[in-house]
Amino acid sequence: TADVSLPGATDHIYGDAPTAMYGISLTPSSTADNEDIAANFGVNLGGANFRTSVGNLAIDHQLDAGGYLVVANGLASTLGYTISNGITPAYNVMQAPLSITANNQSKVYGGGLVFAGTEFIAGGLKNGQTVGTSTLASAGSLTTAGVAGGPYPIVASAATGGSFNAANYNISYVDGSLAVTQRPLTVTFSAQTKTYDGNTNASAAGYTLNNLANGENLNLGGTATFDNRNVGVAKTVNFTGLALANGTGNAANYSIVATATGTGSITQLASVNWTGTAGDGKWSTVGNWAGSALPDAGNVGAVGLPPGLAAETPQWPRSEEHT
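A quick note: this is a predicted structure, and the numbers were derived from the prediction, not measured.

Colleague: Would you mind showing me how to read the overall build of the protein here?
Modeller: Each helix and strand in the protein was counted, giving 0 helices and 24 strands. On C-alpha atoms alone, the protein measures out to a radius of gyration of 45 Å, which is more than a quarter above the 20 Å that the 2.2 N^0.38 rule sets for 323 residues. Considering only C-alpha atoms, the protein reaches an extent of 155 × 35 × 25 Å along its principal axes. Taking the contacts inside the protein whose residues are at least 6 apart along the sequence as the reference set, 62% of them involve residues at least 24 apart. Distance between charge centres in the protein, computed from 9 positive and 18 negative side chains, equals 26 Å.

Structure below.
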């Protein structure tokens, strides 16, 4: 019988080259002579091939993880002795560590995210092997997942497919993260009209927010001003300090630029009365007219003067016009 010994390593990690040392000795049966020298039996011990007890698999880096018995094959006697397996020591191929790490992802609020199952990195594969897919899941993939809840973990599990055999690996899974970013909105303002009142104030109402998600609505605040106070059509209206506020949706899930432009018209004021409140008696002083509606540049159709006040043609500077 051929007895195998393992004076060195008794195991290796799957995919790594084994470093075990093997020894072999012959034990004669009761019918052979008791001089257990290999040459007496016509055996060359150097011709042994060390195999596992499973089929004819060599102990090498291709051997699957598991427990085996080591046997000596290929021995023959020139004197006709039959050589059988004697001591067969245990040998273990240990699972190799394999990490499956989900890739980090990001998406815009209101959009869904469907994983293909390939958004991961496999670390520790042996022998050029591959992993086909892994199950990936995240609460952040829902269209309703908010910005404030992120980043959301992306949980990987159940690696399969490809050319690897999961039984050869001790698999660990590492979460990725899913960031949800604000959904950008644009705003459209409806054209507005006001009667001349001596100032540039406009209304920030009459807007439409574009690109809202999930059927939500939001409120919008800000300041609006005409480009100047004078009567005119298709005038530019400037909107500044635009900020979103909660409606049925959460404003924190959206973004909007702070400035925008629109159009509007200022129509002529039919008449304005003199008040003289400013006390300087000057036609060109805003405070002398009701509502500060200075009647210049065709902005007012007529002026109302109190009885006894002489109506004189105002002397405007050359750069101004008057009614």
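Colleague: Teacher, can you tell me more about the nonpolar core here?
Modeller: Where a protein is soluble and globular, its nonpolar side chains tend to be buried together. Counting 65 residues, the largest nonpolar core has Val187, Leu220, Phe239 and Leu244 as its most contacted members. Aside from chain neighbours lying at most four places away, what touches Phe239 is Phe189, Gln192, Ser203, Ala204, Thr223, Ala224, Ala258, Thr259, Ala260, Thr261 and Gly262.

Colleague: Would you explain the packing of aromatic side chains in this entry?
Modeller: To describe a pair of aromatic rings, one takes the distance between the centres and the angle between the planes. On inspection of all chains with the given rule, the structure shows 7 aromatic pairs. With a centroid separation of 4.7 Å and an interplanar angle of 15°, the aromatic rings of Tyr22 and Phe50 are classed as stacked. Residue Tyr22 is found in the loop between β2 (11-13) and β3 (23-26), and its partner Phe50 is found in strand β4 (residues 49-52); the two are separated by 28 residues along the sequence. Ring centres 5.4 Å apart and planes at 80° place the aromatic pair Tyr109 and Tyr254 in the edge-to-face group. Taken together, the residues span a long stretch of sequence, with Tyr109 in the loop between β8 (105-108) and β9 (120-123) and Tyr254 in strand β21 (residues 254-255) at a distance of 145 residues. Neither Tyr109 nor Tyr254 differs from the other in exposure class; each is buried. What links up through ring pairs into an aromatic cluster is the set Tyr14, Phe164 and Tyr169.

Colleague: Even after reading the chapter, I still don't get the sheet that holds strand β20 (residues 232-245), so can you show me in this structure?
Modeller: Two modes of strand pairing occur in sheets, parallel and antiparallel, and in both the strands are linked by backbone hydrogen bonds. Read across the open sheet, the 5 strands follow the order β16-β22-β20-β19-β17; overall the sheet is mixed. Edge strands, defined here as strands with exactly one partner in the open sheet, are β16 (192-195) and β17 (201-202). Pairing of β20 with strand β22 (residues 260-267) involves 6 bridges; the strand directions are antiparallel. Of the residues in β22, the one forming a bridge with Gly232 is Ile266.

Colleague: Please clarify how the sheet that holds β4 should be interpreted in this entry.
Modeller: Taken in spatial order, the 4 strands make up an open sheet running β2-β6-β5-β4, and their pairing is mixed. The sheet is open, and its two edges are formed by β2 and β4, each paired on a single side. Taken pair by pair, the neighbouring strands of this sheet meet at an average axis angle of 30°, ignoring direction. Sheet topology note: the strand β5 (residues 66-73)/strand β6 (residues 90-94) ladder contains 4 bridges and is antiparallel. The residue of β6 that forms the bridge with Tyr68 is Tyr91.

Colleague: Whenever I open this one, the side chain of Asn253 confuses me. Can you help?
Modeller: Along the polypeptide, Asn253 turns up in the loop between β20 and β21. Of note is the side chain of Asn253, whose polar atom sits 2.8 Å from the backbone nitrogen of Val147. The residues touching Asn253, leaving out its near neighbours within four places in the chain, are Tyr109, Gly146, Val147, Ala148, Gln182 and Arg183.

Colleague: Explain the pattern of salt bridges to me, please; I cannot follow it from the model alone.
Modeller: Where charged atoms of side chains with opposite charge meet at close range, the side chains can pair. One pass over the structure, following the stated rule, counts 4 salt bridges. Asp16 is the salt-bridge partner of Lys126, the closest N and O atoms lying 2.9 Å from each other. Highlighted residues: Lys126 in the loop between β9 and β10 (133-137) and Asp16 in the loop between β2 and β3, separated in sequence by 110 residues. Here Asp197 ties to Lys194 by a salt bridge, and the two come within 2.8 Å at their closest N and O atoms.

Colleague: Would you explain unusual backbone geometry in this entry?
Modeller: The general pattern is negative phi for most residues beyond glycine and trans for most peptide bonds. Each neighbour pair has its own omega, and for Gly150 with Pro151 the value is -5°, a cis peptide bond. With respect to the element layout, Pro151 can be found in the loop between β10 and β11 (152-160). A positive phi is found at Asn127, a non-glycine position, where the angle reads about 60°. Relative to the helices and strands, Asn127 resides in the loop between β9 and β10. The residue Asn211 is not glycine, and still its phi comes out positive at about 85°. Within the secondary structure, Asn211 sits in the loop between β18 (207-210) and β19 (219-226). For Asn211, a relative accessible area of 39% translates into the label partly exposed.

Rules and cut-offs
- Residues numbered from 1 in each chain as written.
- Predicted model: local features only at pLDDT ≥ 70, side-chain atom pairs only at ≥ 80, totals over all residues.
- Heavy atoms only, no water.
- Helix = DSSP H or I, 4+ residues; strand = E, 2+ residues; numbered from the N terminus.
- Rg over C-alpha atoms; globule rule 2.2 N^0.38 Å.
- Contact = heavy atoms within 4.5 Å.
- Lys, Arg positive; Asp, Glu negative; His and termini not counted.
- Charge placed at Lys NZ, Arg CZ, Asp CG, Glu CD.
- Core = buried A, V, L, I, M, F, W, Y, C linked by side-chain atoms within 4.5 Å.
- Buried < 20%, exposed > 50% of the residue type's maximum accessible area, 1.4 Å probe, protein only.
- Phe/Tyr/Trp six-rings, centres within 6.5 Å; stacked < 30°, edge-to-face > 60°.
- Pairing = 2+ DSSP bridges.
- Axes fitted to C-alpha atoms, helices over the stretch in contact; angles between N-to-C directions.
- Polar contact = N/O pair within 3.5 Å; in protein donor to acceptor, adjacent residues only side chain to side chain.
- Salt bridge = Lys/Arg side-chain N within 4 Å of Asp/Glu carboxyl O.

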